[in-house]
Amino acid sequence: ALPIYSSGTKNPAPSLYIYHYDHNFKPALPPMARDRDHSGSSKTLKIDTVYTVHSNSLLMFPQKGLYFVQQDTNGNDGFSFLVVDDKYPKVTKVKDLVEQLIYITTKEERKRLINSKRPKEALDDFWIDIARDENYARRLIKLYYERVEFSNRNFTSYKEGWETDRGMIYIIY
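How each quantity is defined
Residues numbered from 1 in each chain as written. Predicted model: local features only at pLDDT ≥ 70, side-chain atom pairs only at ≥ 80, totals over all residues. Heavy atoms only, no water. Helix = DSSP H or I, 4+ residues; strand = E, 2+ residues; numbered from the N terminus. Contact = heavy atoms within 4.5 Å. Areas by Shrake-Rupley, 256 points an atom, 1.4 Å probe, with all protein chains shown as cover. Core = buried A, V, L, I, M, F, W, Y, C linked by side-chain atoms within 4.5 Å. Buried < 20%, exposed > 50% of the residue type's maximum accessible area, 1.4 Å probe, protein only. pLDDT = per-residue confidence, 0-100. Salt bridge = Lys/Arg side-chain N within 4 Å of Asp/Glu carboxyl O.

### Concerning the overall build of the chain
And then number 1: Across its full length, the chain carries five helices and four strands.
And then number 2: Mapped in sequence order, the helices and strands of the chain form the string β-β-β-β-α-α-α-α-α.
And then number 3: Within the chain, residue pairs in contact and separated by at least 24 positions form 56% of the contacts whose partners lie at least 6 positions apart.
And then number 4: Entry remark: accessible area of the chain is about 11900 Å², with carbon and sulfur atoms responsible for 51%.

Written as C-alpha coordinates, this is what we have:
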(Lines give C-alpha, C1' and ligand atoms only; values in the text may rest on other atoms or scores of the structure.)
Protein backbone atom coordinates (compact mmCIF):
# COMPACT_ATOMS: atom_id res chain seq x y z
CA ALA A 1 0.00 0.00 0.00
CA LEU A 2 1.10 3.55 -0.64
CA PRO A 3 0.95 6.57 1.64
CA ILE A 4 -2.14 8.74 1.19
CA TYR A 5 -1.50 12.25 -0.11
CA SER A 6 -3.81 15.13 -0.86
CA SER A 7 -4.37 15.46 -4.59
CA GLY A 8 -1.93 17.79 -6.31
CA THR A 9 0.33 18.37 -3.28
CA LYS A 10 3.22 16.71 -1.53
CA ASN A 11 1.62 17.36 1.85
CA PRO A 12 0.30 14.34 3.70
CA ALA A 13 -3.46 14.09 3.74
CA PRO A 14 -5.32 14.54 6.98
CA SER A 15 -6.81 11.52 8.69
CA LEU A 16 -9.28 9.31 6.90
CA TYR A 17 -12.23 7.77 8.68
CA ILE A 18 -13.05 4.25 7.61
CA TYR A 19 -16.37 2.69 8.52
CA HIS A 20 -16.83 -1.07 8.33
CA TYR A 21 -20.30 -2.53 7.90
CA ASP A 22 -20.41 -6.23 8.69
CA HIS A 23 -23.85 -6.56 7.19
CA ASN A 24 -25.22 -9.76 5.77
CA PHE A 25 -27.02 -8.56 2.65
CA LYS A 26 -29.63 -11.02 1.50
CA PRO A 27 -29.53 -12.29 -2.08
CA ALA A 28 -32.25 -11.27 -4.53
CA LEU A 29 -35.41 -13.27 -4.04
CA PRO A 30 -35.81 -16.12 -6.51
CA PRO A 31 -38.56 -15.58 -9.07
CA MET A 32 -40.55 -18.52 -7.66
CA ALA A 33 -40.48 -17.21 -4.07
CA ARG A 34 -43.93 -17.14 -2.54
CA ASP A 35 -43.03 -14.86 0.31
CA ARG A 36 -41.98 -11.55 -1.26
CA ASP A 37 -41.10 -10.14 2.17
CA HIS A 38 -37.40 -9.86 2.86
CA SER A 39 -37.82 -9.92 6.62
CA GLY A 40 -34.67 -8.99 8.43
CA SER A 41 -33.65 -6.58 5.66
CA SER A 42 -33.05 -3.09 6.89
CA LYS A 43 -33.02 0.17 4.96
CA THR A 44 -30.19 1.41 7.19
CA LEU A 45 -26.79 -0.03 7.96
CA LYS A 46 -25.29 -0.28 11.40
CA ILE A 47 -21.63 0.66 11.60
CA ASP A 48 -19.66 -2.28 12.96
CA THR A 49 -16.26 -0.62 13.39
CA VAL A 50 -14.70 2.81 12.78
CA TYR A 51 -11.01 3.09 11.94
CA THR A 52 -8.97 6.27 11.78
CA VAL A 53 -6.03 6.11 9.40
CA HIS A 54 -3.39 8.81 9.53
CA SER A 55 -1.29 9.92 6.59
CA ASN A 56 1.62 7.69 5.57
CA SER A 57 -0.14 4.71 7.13
CA LEU A 58 -0.46 1.36 5.51
CA LEU A 59 -4.08 0.69 4.58
CA MET A 60 -5.20 -2.77 5.63
CA PHE A 61 -8.70 -4.15 5.62
CA PRO A 62 -8.71 -7.24 7.80
CA GLN A 63 -12.41 -8.05 7.64
CA LYS A 64 -14.66 -8.94 4.73
CA GLY A 65 -17.56 -6.58 4.24
CA LEU A 66 -18.57 -3.14 3.08
CA TYR A 67 -16.33 -0.14 3.86
CA PHE A 68 -17.02 3.57 3.56
CA VAL A 69 -14.13 6.04 3.65
CA GLN A 70 -14.37 9.77 4.17
CA GLN A 71 -12.07 12.62 5.04
CA ASP A 72 -14.67 14.92 6.59
CA THR A 73 -17.15 13.29 8.96
CA ASN A 74 -19.38 16.38 8.79
CA GLY A 75 -20.12 15.81 5.10
CA ASN A 76 -21.62 13.08 2.99
CA ASP A 77 -18.73 12.73 0.54
CA GLY A 78 -16.63 9.61 0.50
CA PHE A 79 -16.26 6.34 -1.32
CA SER A 80 -17.15 2.77 -0.55
CA PHE A 81 -15.81 -0.62 -1.52
CA LEU A 82 -16.40 -4.26 -0.78
CA VAL A 83 -13.72 -6.53 0.68
CA VAL A 84 -14.30 -10.13 -0.37
CA ASP A 85 -12.67 -13.55 -0.11
CA ASP A 86 -9.25 -13.90 -1.77
CA LYS A 87 -10.66 -16.33 -4.37
CA TYR A 88 -13.40 -13.89 -5.41
CA PRO A 89 -15.06 -13.74 -7.96
CA LYS A 90 -14.64 -17.52 -8.10
CA VAL A 91 -16.41 -19.63 -5.53
CA THR A 92 -14.69 -22.64 -4.00
CA LYS A 93 -16.28 -23.31 -0.59
CA VAL A 94 -19.08 -25.87 -0.58
CA LYS A 95 -21.17 -23.71 1.77
CA ASP A 96 -21.01 -20.83 -0.74
CA LEU A 97 -21.69 -23.13 -3.70
CA VAL A 98 -24.83 -24.38 -1.97
CA GLU A 99 -25.95 -20.88 -0.97
CA GLN A 100 -25.70 -19.77 -4.59
CA LEU A 101 -28.24 -22.41 -5.61
CA ILE A 102 -31.00 -20.23 -4.14
CA TYR A 103 -32.33 -19.44 -7.61
CA ILE A 104 -32.87 -23.07 -8.64
CA THR A 105 -33.61 -24.87 -5.36
CA THR A 106 -36.16 -24.82 -2.59
CA LYS A 107 -35.34 -23.87 1.00
CA GLU A 108 -35.71 -27.52 1.98
CA GLU A 109 -33.24 -28.67 -0.69
CA ARG A 110 -30.66 -26.10 0.44
CA LYS A 111 -31.14 -27.01 4.11
CA ARG A 112 -30.66 -30.68 3.27
CA LEU A 113 -27.44 -29.86 1.36
CA ILE A 114 -26.09 -27.58 4.11
CA ASN A 115 -26.94 -29.98 6.96
CA SER A 116 -25.58 -33.04 5.20
CA LYS A 117 -22.78 -34.86 7.01
CA ARG A 118 -20.95 -34.92 3.67
CA PRO A 119 -21.95 -31.64 1.94
CA LYS A 120 -19.60 -32.02 -1.05
CA GLU A 121 -21.00 -35.44 -1.91
CA ALA A 122 -24.55 -34.18 -1.34
CA LEU A 123 -23.90 -31.27 -3.72
CA ASP A 124 -22.51 -33.62 -6.38
CA ASP A 125 -25.53 -35.91 -5.95
CA PHE A 126 -27.86 -32.90 -6.30
CA TRP A 127 -26.39 -32.03 -9.71
CA ILE A 128 -26.29 -35.66 -10.89
CA ASP A 129 -29.97 -36.09 -9.88
CA ILE A 130 -30.90 -33.05 -11.97
CA ALA A 131 -28.81 -34.05 -14.99
CA ARG A 132 -29.33 -37.82 -14.74
CA ASP A 133 -25.88 -38.19 -16.26
CA GLU A 134 -22.45 -37.45 -14.76
CA ASN A 135 -21.01 -35.80 -17.88
CA TYR A 136 -24.08 -33.61 -18.33
CA ALA A 137 -23.94 -32.75 -14.60
CA ARG A 138 -20.35 -31.54 -15.05
CA ARG A 139 -21.44 -29.28 -17.92
CA LEU A 140 -24.36 -27.89 -15.88
CA ILE A 141 -22.11 -27.21 -12.89
CA LYS A 142 -19.57 -25.46 -15.11
CA LEU A 143 -22.24 -23.35 -16.80
CA TYR A 144 -24.03 -22.40 -13.57
CA TYR A 145 -20.91 -21.36 -11.67
CA GLU A 146 -19.46 -19.56 -14.70
CA ARG A 147 -22.62 -17.44 -14.60
CA VAL A 148 -22.13 -16.86 -10.87
CA GLU A 149 -18.54 -15.76 -11.52
CA PHE A 150 -19.61 -13.49 -14.42
CA SER A 151 -22.25 -11.93 -12.16
CA ASN A 152 -19.64 -11.36 -9.45
CA ARG A 153 -17.30 -9.68 -11.93
CA ASN A 154 -19.93 -7.47 -13.52
CA PHE A 155 -22.69 -6.79 -11.02
CA THR A 156 -20.97 -6.47 -7.63
CA SER A 157 -21.81 -3.29 -5.77
CA TYR A 158 -22.52 -3.16 -2.05
CA LYS A 159 -23.05 -6.93 -2.17
CA GLU A 160 -21.64 -9.74 -4.27
CA GLY A 161 -22.83 -9.76 -7.88
CA TRP A 162 -24.63 -13.10 -7.72
CA GLU A 163 -26.83 -11.71 -4.91
CA THR A 164 -28.09 -8.75 -6.95
CA ASP A 165 -31.24 -8.70 -9.07
CA ARG A 166 -29.10 -8.39 -12.20
CA GLY A 167 -26.99 -11.35 -11.09
CA MET A 168 -30.06 -13.46 -10.40
CA ILE A 169 -31.50 -12.70 -13.84
CA TYR A 170 -28.19 -13.43 -15.59
CA ILE A 171 -27.69 -16.71 -13.71
CA ILE A 172 -31.21 -17.98 -14.40
CA TYR A 173 -31.68 -16.80 -17.96
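### Comments concerning the nonpolar core
Burial of nonpolar side chains together is a common tendency in soluble globular proteins.
And then number 1: Among the nonpolar cores identified, the biggest contains 20 residues, and Leu101, Tyr103, Leu123, Trp127, Tyr144 and Tyr145 are the most heavily contacted of them.
And then number 2: Looking at this core, the elements with two or more residues in it are helix 1 (94–99), helix 3 (119–131), helix 4 (134–155) and helix 5 (165–172).
And then number 3: Excluding residues that lie within four positions of it along the chain, Tyr103 makes contacts with Pro27, Ala28, Pro30, Met32, Tyr144, Trp162, Glu163, Thr164, Met168, Ile171 and Ile172.
And then number 4: Counting six residues, the second largest nonpolar core, distinct from the first, contains Leu16, Ile18, Val69 and Val83.

### Some thoughts on the side chain of Ser151
And then number 1: Here Ser151 lies in helix 4.
And then number 2: Those residues within four positions of Ser151 in sequence are excluded, and the remaining contacts are Thr156, Gly161, Trp162, Gly167, Tyr170 and Ile171.

### Observations concerning the confidence of the model for the chain
And then number 1: In the predicted model, the chain carries a mean pLDDT of 85, and the fraction of residues at 70 or more is 87%.
And then number 2: Averaged pLDDT values for the elements of the chain fall to 85 in strand 2 (residues 49–53) and rise to 96 in helix 4.
And then number 3: Across residues 1–6, confidence stays below pLDDT 50; counting only partners more than four residues off in sequence or on other chains, it has 20 contacts.

### Let's talk about the pattern of salt bridges
And then number 1: In total, this model carries eight salt bridges according to the counting rule given.
And then number 2: Among the salt bridges present, the one from Glu146 reaches Lys142, with a minimum N-O distance of 2.4 Å. A residue pair is termed a helical-turn pair when its members lie 3 or 4 positions apart in one helix, as Glu146 and Lys142 do in helix 4 at four residues.
And then number 3: Between Arg153 and Glu149 there is a salt bridge, with the nearest N and O atoms lying 2.8 Å from each other. In this pair, Arg153 and Glu149 both sit in helix 4, four residues apart, roughly one turn of the helix.
And then number 4: A cluster of three or more residues bridged by salt bridges with shared partners is formed by Lys90, Glu149 and Arg153.

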